[in-house]
Amino acid sequence: MAVAETQLYAKVSNKRRSKSTSALLESLLAKGFPAHIAQKALAATGQKTIEDAAKWLHSHCNDPSLDDPIPQEYALYLCPTGHLHNHLQEFWKESKRQCGKNRAHEIFPHITLCDFFTCEDQKVELLYDALKRVGDSFSQSFPPFVSLSLHSSASYLGFFVGDSHANILKDFALAFSSEASALADCHVKPCLKQLHLTLAHKFYPHHQKTLEQLAKCINPGETCQWVAALYSRDMRFVHYQTLRALFQYKPQNIDELMINTGDFIYVDPTQQSDVSEGWVIGTSHRTGCRGFLPENYTERANESDTWVKHREYVFVTASRLFTQTENEPNVKPNGGVCNPSMSRSVTNVLSLQNATLRRGVLVMRHGERVDQVFGKSWLQQCLTADGKYYRADLNFPSTLPKRKDSVKNFECDPPLSCCGIFQSKLIGEALLDQEVTVSYAYSSPALRCVQTAQHILQGLKLDQKVKIRVEPGLFEWTKWEASRVIPNFMTVTELAEASYKIDTSYRCNFPLSSLVPSESYEEYVSRSSAVIKQIITACPNKGKGVILIVGHGSSLASFTRPLIGLPARDSSDFAQAVRKIPSLGMCFCEEIKEENKWQMVNPPVKTLTHGANAAFNWRNGIVED
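Keep in mind that this is a model prediction, so the values were computed, not measured. (Residues numbered from 1 in each chain as written. Predicted model: local features only at pLDDT ≥ 70, side-chain atom pairs only at ≥ 80, totals over all residues. Heavy atoms only, no water.)

Novice: Just checking my understanding: could you explain helix α5 (residues 83-99) for this structure?
Specialist: Every α-helical turn comprises 3.6 residues, leaving residues that sit three or four positions apart pointing alike. Taking 1.5 Å per residue as the helical rise, α5 with its 17 residues ought to reach 24 Å, and the 24 Å between its terminal C-alpha atoms agrees with that figure. In terms of residue burial, α5 counts as a mostly covered element, since 13 of its 17 residues are buried. Directly after α5, the chain includes glycine 100, whose backbone phi takes a positive value near 85 degrees. (Helix = DSSP H or I, 4+ residues; strand = E, 2+ residues; numbered from the N terminus. Expected span 1.5 Å × (residues − 1). Buried < 20%, exposed > 50% of the residue type's maximum accessible area, 1.4 Å probe, protein only.)

Dropping the structure here:
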């Protein structure tokens, strides 16, 4: 048993136990569920309805931790509702779109009153009683509005609560702490330092100005009803990443995890190093079961998406009674509803920034390569005894391009599979549908990248107008080459003779001879930063033309981060991020010329997701037993 889990068991076993006599519990006991499991189900679902608890129990019937006495963790937050909440949600949305996700996006807008603490499942109802009692005692003294002032630093942006109102909130938190300790035997630590409502946290310093501009569009004096809400989370997965399933996945093997669309999965980043590429191992929030699942079936979710809201106390103030209107939206404190309208000031800021956008850079990984499907020995499957190529499977290319040296050099410089060709054309057609105009096309010297660029341009109907510039500096981190040597790529002349639309007049920034086998991470980062800057300089501004760069999985981070002013990732984090990038994964950067900077935005087209299709032998299982 892990040390952390042992400590949790010890914490629970030292507590006194009591029995709840709630109607919900009695109903579950009447259905034959053991008391401790029924109480666990009620705590996990917020003690709302019998249906919710019964559904949870059914889903967790195979949960190996069902009998474990590990309780939920609880926190008390003060959450805004009404117009202020709507504007805060709009800030969340726009700050994420313009500056990327920061730590604040993990949780909905709130002021922390009491940070997370544990409470035994059978005593959770007593927490509700404590919240109700303390809320009633403070209902008359709660301020008609909460004074908020904007504060900004290099890594934090948020509203600080004014001292006089903060003192009332601290007294409320302290009273809840005392009441919860007396009623539910909980150790609750109230927040007695500077109370604040965080807008952005742990962002890159060069985003501070943009975030401040958006924050100044929020009027903290907007109509607001404050709600003290009690939330819970599963304490076992506090330091895990939370993923959301985009598609259903049915296990093909016994160690794989069944997921439904919308499921949340907890993933420990420290346990992924030995997992096969394209897969993760995680625990389902819905079922409690653990197993492997395809990573491209998921997306990152927010930390608070799996939290459960138990009870809330609504502070109704005199000013609220006169300012509420019939048309005011019913807003959930957990951020579930967002007002579609934006304040005029925010709209003006966005319009100004959108008007200044100029060039775009679309960095893309190549399509599916043959060795990705058929393994490193794919060429051996396609050569006759006299060394001639033949198509051993319909996903192999119909022919291989001619090259002067040995055909065996394709082993280290593999072509696209037929599915990879189809993928590339499909992306090009999607870009054409979105009226994306590519003015320049660059490619790594790897054959798979040149082919991807060619078929994207064909899909765009630009293959006769835009020629491909082969740039050796775009090749991936050479340390990842299994052969420990630089592959023998086809020459520019050979590519042109094989009917690829190559710009033979282009003079590369990094000659092929300058690529160093097994280069260090620092050397790769330096090379990538230099080549992207040289490409930008070499491509004059042509209105809103896009520079297409087709490279490798490593290209997405190594070329876009220096462009938007971000430092290189740590090498281990870099490797972890690259392994998640699928075929034709892409990033898109746009230039804000007036500010002399670039920003990353959503790509012009969606990514392409598909499942595996294994080889099939009609004899097995059809004719033969």
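Text resumes after the structure shown.
Novice: Would you explain the nonpolar core in this entry?
Specialist: The tendency in soluble globular proteins is for nonpolar side chains to be buried as a group. Grouped together as the largest cluster of nonpolar side chains are 51 residues, with contacts concentrated most on Leu127, Phe176, Leu199 and Trp226. Membership of the second largest hydrophobic core comes to 43 residues, among which are Phe374, Ile456, Met490 and Leu548. (Core = buried A, V, L, I, M, F, W, Y, C linked by side-chain atoms within 4.5 Å.)

Novice: What am I meant to see in a nonpolar patch on the surface here?
Specialist: Side chains of Phe616, Trp618 and Ile622 sit close together on the surface and give an oily, nonpolar patch of about 410 Å² of accessible area. Note that tryptophan 618 resides in the segment after β18 (597-601). Using a relative accessible area of 48% as the deciding quantity, one classes tryptophan 618 as partly exposed. (Patch = residues over 30% accessible without salt bridge, like charges linked within 9 Å, V, L, I, M, F, W, Y side chains within 5 Å. Areas by Shrake-Rupley, 256 points an atom, 1.4 Å probe, with all protein chains shown as cover. Salt bridge = Lys/Arg side-chain N within 4 Å of Asp/Glu carboxyl O.)

Novice: Where do I start with the packing of helix α15 (residues 521-538) against helix α16 (residues 555-563) in this structure?
Specialist: For any two helices packed against each other, one specifies the inter-axial angle together with the distance between the axes. Here α15 crosses α16 at 65 degrees, and the two axes come no closer than 9 Å. At the point where α15 passes α16, the crossing takes the right-handed sense. Of the residues in α16, those in contact with Tyr524, Ser528, Ser529, Val531, Ile532 and Ile536 of α15 are Ser555, Ser558, Phe559, Pro562 and Leu563. Considering only residue class, the contact of α15 with α16 consists of 7 nonpolar, 4 polar and no charged. (Axes fitted to C-alpha atoms, helices over the stretch in contact; angles between N-to-C directions. Left-handed = near helix turned anticlockwise from the far one by under 90°. Contact = heavy atoms within 4.5 Å. Nonpolar A, V, L, I, M, F, W, Y, C, P; charged D, E, K, R; others polar.)

Novice: Honestly, the sheet that holds strand β9 (residues 279-284) in this entry has me stumped. Any pointers?
Specialist: Strands pair in a sheet through their backbones, by hydrogen bonds, and they do so in one of two ways: parallel or antiparallel. Read from one edge of the open sheet, 5 strands run β10-β9-β8-β7-β11, paired in antiparallel fashion. Here the strands that pair on one side only, and so sit at the sheet edges, are β10 (290-294) and β11 (298-300). On average, adjacent strands in this sheet sit at an angle of 45 degrees to one another, irrespective of strand direction. The sheet contact formed by strand β7 (residues 241-245) and strand β8 (residues 264-267) spans 4 bridges and is antiparallel. Across the sheet, arginine 244 pairs through a bridge with phenylalanine 264, a residue of β8. (Pairing = 2+ DSSP bridges.)

Novice: Got a minute to help me understand the pattern of salt bridges in this structure?
Specialist: Opposite charge on two side chains lets them pair, provided their charged atoms get close. Scanning the entire structure with this criterion turns up 23 salt bridges. Glutamate 303 is paired through a salt bridge with arginine 233; the nearest N and O atoms lie 3.5 Å apart. Note that glutamate 303 is positioned in the loop between β11 and β12 (308-314) and arginine 233 in strand β6 (residues 225-234), a separation of 70 residues in sequence. You'll find glutamate 303 and arginine 233 in the same group, each marked buried. Between aspartate 305 and arginine 244 there is a salt bridge whose closest N-O contact spans 2.8 Å. Residue aspartate 305 is located in the loop between β11 and β12, and its partner arginine 244 is located in strand β7; the two are separated by 61 residues in the primary sequence. We classify aspartate 305 as partly exposed; its relative accessible area is 28%. Connected through salt bridges with shared partners, the residues Glu73, Arg103, Arg233 and Glu303 form a single ionic network.

Novice: What exactly am I supposed to notice about the packing of aromatic side chains here?
Specialist: Two aromatic rings are characterised by how far apart their centres lie and by the angle between their planes. Summed over the entire model, instances satisfying the criterion amount to 31 aromatic pairs. Centre to centre, the rings of phenylalanine 237 and tyrosine 266 are 4.2 Å apart; their planes meet at 5 degrees, and the pair counts as stacked. Here phenylalanine 237 is found in the loop between β6 and β7, whereas its partner tyrosine 266 is found in strand β8, with 29 residues between them in sequence. Take phenylalanine 237 and tyrosine 266: they sit in the same class, and that class is buried. Taking 5.2 Å as the distance between ring centres and 55 degrees as the angle between the ring planes, the aromatic pair formed by tryptophan 477 and tyrosine 521 counts as tilted. Here tryptophan 477 is found in the loop between β15 (468-470) and α14 (492-497), whereas its partner tyrosine 521 is found in helix α15, with 44 residues between them in sequence. Overall, the relative accessible area of 4% leaves tryptophan 477 in the buried class. Site record: aromatic cluster; members linked through ring pairs are Tyr77, Phe108, Phe116, Tyr231 and Trp307. (Phe/Tyr/Trp six-rings, centres within 6.5 Å; stacked < 30°, edge-to-face > 60°.)

Novice: Any chance you could explain unusual backbone geometry here in plain terms?
Specialist: With glycine set apart, most residues show a phi of negative sign, and most peptide bonds adopt trans. The backbone of glutamine 47 shows a phi angle near 50 degrees, a positive value even though the residue is not glycine. Tracing the chain through its elements places glutamine 47 in the loop between α3 (35-44) and α4 (50-59). On the basis of relative accessibility, which here comes to 6%, the residue glutamine 47 falls in the buried class.

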